[in-house]
Amino acid sequence: MKDATPLDEGWNLHHEGSLLPARVPGCVHVDLLNAGLIPDPYVGADEHEVAWVGRQDWTYTTQVDATGPHERTDLVFDGLDTAARITLAGTELGRTRNMHRSHRFDVTGLAGELAVHFTNAYQEAAEVRAVTGARPNVYPEPFQYIRKMASSFGWDWGPTLPTAGIWRPARLEHWSTARIAQVRPLVTVENGTGRVELRVTAERTATATGRPLTLRATVAGVSADTVLDGDETVLVVEVPDAGLWWPRGYGDQPLYDLDVTLAHDGAPLDTWHRRIGFRTVELDRSADEHGSGFTLVVNGVRIFARGVNWIPDDTLITRVTPERYRTRLTQAAEANIDLVRIWGGGIYENEAFYDVCDELGLMVWQDFLFACSAYPEEQPLRGEVEAEARENVVRLMPHAALVLWNGNNENLWGFRDWEWEPELAGDSWGEGYYLGVLPRIVAELDPTRPYAAGSPWSGSWDHHPNDTDHGTHHSWEVWNRQDYAEYRASVPRFVAEFGWQAPPAHATLLRALPGEDLAADSPGMLHHQKADDGNGKLNRGVERHFALPADFDRWHYLTQVVQARAIATGIEHWRSNWPRCAGTVVWQLNDCWPVSSWAAIDGDGRLKPLYHELRRLYADRLLTLQPPGVTGAPEVALVNQAAEPWQTVVTLRRVSADGTVNGTCEVPVTVEGRSVLRLAVPQALAPVDGSAKEFLAVDADGLRAVHFPVPDKVFAYQQPEFDVSVQPADDGRGGVEVVVTARTLVRDLLLQADRIAPDAVADRGLVTLLAGEQVRIRVSGAGRVDADAVRAALYCVEPA
């Protein structure tokens, strides 16, 4: 029977003539941090102090013994980052140049020092560039010349820390006669019967050629057997009455163990195990009166995708543990997210990521790893790209959560709009990958899933790549140049990227910028702002709605408010236009370090107000007010994404700034499942357009929407007044309950719990109260706290 010897201990990192203990899996930066030889690059401006690490070559060594009773021993690296030369006992085993692939070497009978020599990524990229020629790039870093996590070279939200190391597990595999080299399960379901078609490849030792081998596959207690005469075979298992795997919110996520055993003369030689789910997935891109759509269809049900973009959760990627994946993805599910797009400048994530998505019903949109650059299609990159794609398609295809392969991020758009075409002058730039190599590989290896050539992509060159009426759209004029109200100017078929920045939580800033006198433009804040004119865009975003404050704490609060309002404006508008618009994927869920960014969860794992707003925006039932249209009055839109009808009473109130209710009415409604109902606001209840003294409030089943006819800086707010009390929470977990009672209109009240204690967490974000209303906010992790401490951490909109 095959067994393995993990190579996770006894490694050394060579540094300036000495040996440092090295962690495998790991990377050089983490080893140097653990040895106290470099400062934390996430603190202050110390990113600059460690820039030398990414420009130096490194060597890892350990002792191995590949002798023993088995016929064959292989040295297996699941991931080497990136350009490496591997030697054992002085003999070169091979060279690698792709972080996103595994590597296997026959080392039978060898023993001695195993050394992995890493050439720094900049040198490797320069050597490849010398062969392929230069290509245009959005950023001044050479990531398109090396198959490595692009964002390790820095991005408009990330530090420049190109890593090196044995970043995924290493081991010796010992086997005799034969081993399972590859299993490719095609999982389908029809009329209640699940079908698993297994394409299995075996590798034999030289002495085992021609020996009959047997294969057994088992799913849900159903087994199938076959004889393997050559090296490849097909095995089919059918499971009657298979439970369907559904995205969260649509049904359950039953998962079945799939086991494959390879045997000879009844003795097992090797086994393979995965968990699978039965479901169908299609992508409806058919033409209609609005253009051509982009709608995911799972088990025959058309879905509005409530999505987020995912970036690597730490630039020092080996620090992301299975527990951290589970935490972050559970946070996503608890925010009513049902789709996670793994963005093309990161990595194909570890198995633990996809396992959790399978369990939680989080659909996965997987980019192939190309982003924001023209990529050469010549060797040596072309062969690496094909091998990488083949390996990762086969590796990830067992996962039920995986619903879409996508060719790249923004490169088709970049070719058309970012002045690449003249600079390329006919050179290759990646089109052959996205429209040729990758769809061919997916069609060959994983025909059970759809493939899209890129994001954004209109489906063909007949339309602009970022055409709102065709395929996927990235909305970046808003934020970069326009106010978030402009989200309402169009109804894209599927919004795959849009976002608005805000700084991280206050406690995160205090940790990352120790001793700094915080200001919007203080040195540390500017260093932890990587976007082009990022602070200028933040300030202009605030100034369109509020007077720009000089006080940092007030600025910090208002940028959070604007971020949450911006995303709310887009999602409310686009969800209210279902089924024409079939999905929104917010940029972005997470951060990789402490930084001002578009994330809902900051680099220390703290929740921004945007996170809580996403929980409201992505709930099955959404109540929203859309601004005046052709009727001259606002519209109430009730979005019901649940299968069951929504029967409720809508209460509308026209309210003065001083709290006086000037008009009210109640409207009973029924919103059918998976549908949107629009109601025109009666003219008698609609505030006069341009009025600074009245607003509209709409309520239904505990949900609220408000419409103010003018920007906050013009509206005649009274000074907000409210009472605060603190009492023990009755949850048995030692938390407290903060009770806020409004005596006036209190708009966008926010308790920043981390200002009470760094580990404190509040269970809600922004909330608007009318006079006389009360809200209860549960706070955990704060310890003993009094009303004065709470009041100091409460913020709300104030008169200009």
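Up top is the structure these notes are about.
The rules behind the values
Residues numbered from 1 in each chain as written. Predicted model: local features only at pLDDT ≥ 70, side-chain atom pairs only at ≥ 80, totals over all residues. Heavy atoms only, no water. Helix = DSSP H or I, 4+ residues; strand = E, 2+ residues; numbered from the N terminus. Rg over C-alpha atoms; globule rule 2.2 N^0.38 Å. Buried < 20%, exposed > 50% of the residue type's maximum accessible area, 1.4 Å probe, protein only. Contact = heavy atoms within 4.5 Å. Areas by Shrake-Rupley, 256 points an atom, 1.4 Å probe, with all protein chains shown as cover. Lys, Arg positive; Asp, Glu negative; His and termini not counted. Charge placed at Lys NZ, Arg CZ, Asp CG, Glu CD. Pairing = 2+ DSSP bridges. Axes fitted to C-alpha atoms, helices over the stretch in contact; angles between N-to-C directions. Expected span 1.5 Å × (residues − 1). 1 Å grid on protein atoms, 1.4 Å probe; cavity = no way out; pocket = protein on both sides within 12 Å on 5 of 7 lines; lining within 4 Å. Points joined across faces, edges and corners; volume = space filled by probe spheres on them. Nonpolar A, V, L, I, M, F, W, Y, C, P; charged D, E, K, R; others polar. Salt bridge = Lys/Arg side-chain N within 4 Å of Asp/Glu carboxyl O. Polar contact = N/O pair within 3.5 Å; in protein donor to acceptor, adjacent residues only side chain to side chain. Disulfide = S-S within 2.5 Å.

1. Description of the overall build of the chain
And step 1. From N to C terminus, the chain includes 15 helices and 44 strands.
And step 2. Relative to the compact-globule value of 28 Å for 800 residues, the chain shows a C-alpha radius of gyration of 28 Å, a close match.
And step 3. Principal-axis analysis of the C-alpha atoms places the extent of the chain at approximately 90 × 65 × 65 Å.
And step 4. The buried share among the 800 residues of the chain stands at 60%.
And step 5. Considering only contacts within the chain whose residues lie at least 6 apart along the sequence, 69% involve residues at least 24 apart.
And step 6. Working note: accessible area of the chain is about 29000 Å², and carbon and sulfur atoms make up 47% of it.
And step 7. Looking at the chain, you have 73 positive and 111 negative side-chain charges, and the mean spots of the two groups are 2 Å apart.

2. Looking at the sheet that holds strand β12 (residues 193–204)
And step 1. The antiparallel open sheet is built from three strands, whose spatial order is β11-β12-β15. Either end of the sheet is taken by a strand with one partner, and the two such strands are β11 (178–190) and β15 (232–239). Neighbour to neighbour, the strand axes of the sheet diverge by 20° on average, direction disregarded.

3. A word on helix α3 (residues 322–334)
And step 1. The end-to-end C-alpha distance of α3, which contains 13 residues, comes to 18 Å, matching closely the 18 Å that a straight helix rising 1.5 Å per residue would cover.
And step 2. Along α3, the residues classified as buried are Tyr325, Arg328, Leu329, Gln331, Ala332 and Ala333.
And step 3. The inward-facing, buried residues of α3 abut β23 (305–310), β24 (339–342), α4 (351–360) and α14 (609–617).
And step 4. At the C-terminal side of α3, Asn336 shows a positive phi close to 70°.

4. Quick notes on the layout of surface pockets
And step 1. Looking at the largest pocket, its volume works out to about 1500 Å³.
And step 2. When contributions to the lining of the largest pocket are tallied by element, the ones reaching two or more residues are β8 (103–106), β10 (170–175), β11, β17 (267–276), α3, α4 and α5 (381–396).
And step 3. By residue class, the composition of the lining of the largest pocket is 18 nonpolar, 11 polar and 17 charged.
And step 4. The calculated volume of the second largest pocket comes to roughly 1200 Å³.
And step 5. Looking at the second largest pocket, it is lined by 43 residues, and the ones nearest its centre are Glu572, Glu613, Arg616, Ala705 and Val706.
And step 6. Breaking the lining of the second largest pocket down by element, the ones donating at least two residues are α13 (552–575), α14, β31 (621–626), β37 (703–707), β40 (746–751) and β42 (767–769).
And step 7. The residue makeup of the lining of the second largest pocket, split by class, is 19 nonpolar, nine polar and 15 charged.

5. Remarks on empty space enclosed by the protein
And step 1. This structure, assessed with the given rule, holds six cavities of 30 Å³ or more.
And step 2. The volume enclosed by the largest cavity comes to roughly 80 Å³.
And step 3. Along its surface, the largest cavity is lined by 16 residues, and Gly54, Gln56, Pro162, Thr163 and Ala164 are the ones closest to its centre.
And step 4. When residues of the lining of the largest cavity are traced back to their parent elements, those giving at least two are α1 (28–34) and β9 (111–119).
And step 5. Considered class by class, the residues forming the lining of the largest cavity number seven nonpolar, seven polar and two charged.

6. Observations regarding the sheet that holds β31
And step 1. Taken together, the three strands give an open sheet; going across it, the order is β31-β32-β35, and neighbouring strands pair in antiparallel fashion. The open sheet has two edge strands with one neighbour each: β31 and β35 (675–680). This sheet shows a mean twist of 15° between the axes of neighbouring strands, independent of strand direction.
And step 2. Relative to strand β32 (residues 635–640), β31 is paired through six bridges, and the arrangement is antiparallel. Along β32, the bridge assignment pairs Arg621 with Asn640.
And step 3. Those strands touched by α13 are β31, β32 and β35, and its axis lies near 100° from that of β31.

7. A few points about unusual backbone geometry
And step 1. Across the junction of Val24 and Pro25, the peptide omega takes the value 0°, indicating a cis bond.
And step 2. As for its placement among the helices and strands, Pro25 is situated in the loop between β3 (18–22) and α1.
And step 3. With omega at 10°, the peptide bond leading from Trp578 into Pro579 counts as cis.
And step 4. Tracing the backbone shows Pro579 in the loop between α13 and β30 (583–586).
And step 5. Residues other than glycine seldom take positive phi values, yet Ala89 does so here, at roughly 55°.
And step 6. With respect to the element layout, Ala89 can be found in the loop between β6 (83–88) and β7 (91–97).
And step 7. Located in the positive-phi region is Arg674, a residue other than glycine, with phi close to 55°.
And step 8. Looking at Arg674, the relative accessible area reads 26%, which means it is partly exposed.

8. Notes on the pattern of salt bridges
And step 1. This model, assessed by the stated rule, comprises 65 salt bridges.
And step 2. In this structure, Arg653 engages Glu773 in a salt bridge whose closest nitrogen and oxygen atoms are separated by 4.0 Å. Here Arg653, found in strand β33 (residues 646–656), pairs with Glu773, found in the loop between β42 and β43 (774–780); they are 120 residues apart in sequence, far enough to count as distant.
And step 3. In this structure, Arg704 engages Glu773 in a salt bridge whose closest nitrogen and oxygen atoms are separated by 2.7 Å.

9. Points about the environment of Thr160
And step 1. Following the sequence through the fold, Thr160 ends up in the loop between α2 (121–132) and β10.
And step 2. Separated by 19 residues in the primary sequence, Thr160 and Glu141 have C-alpha atoms spaced 9.2 Å apart.
And step 3. When sequence neighbours within four positions are dropped, the list of residues in contact with Thr160 reads Glu47, Tyr122, Glu141, Ser152, Phe153 and Gly154.
And step 4. Side-chain polar atoms of Thr160 contact the backbone oxygen of Phe153, separated by 3.1 Å.

10. Some remarks on the state of the cysteines
And step 1. Across all of its chains, the model carries zero disulfides by this definition.
And step 2. Counting only cysteine sulfurs, Cys592 is the nearest neighbor of Cys27, a cysteine outside any disulfide, at a range of 13 Å.

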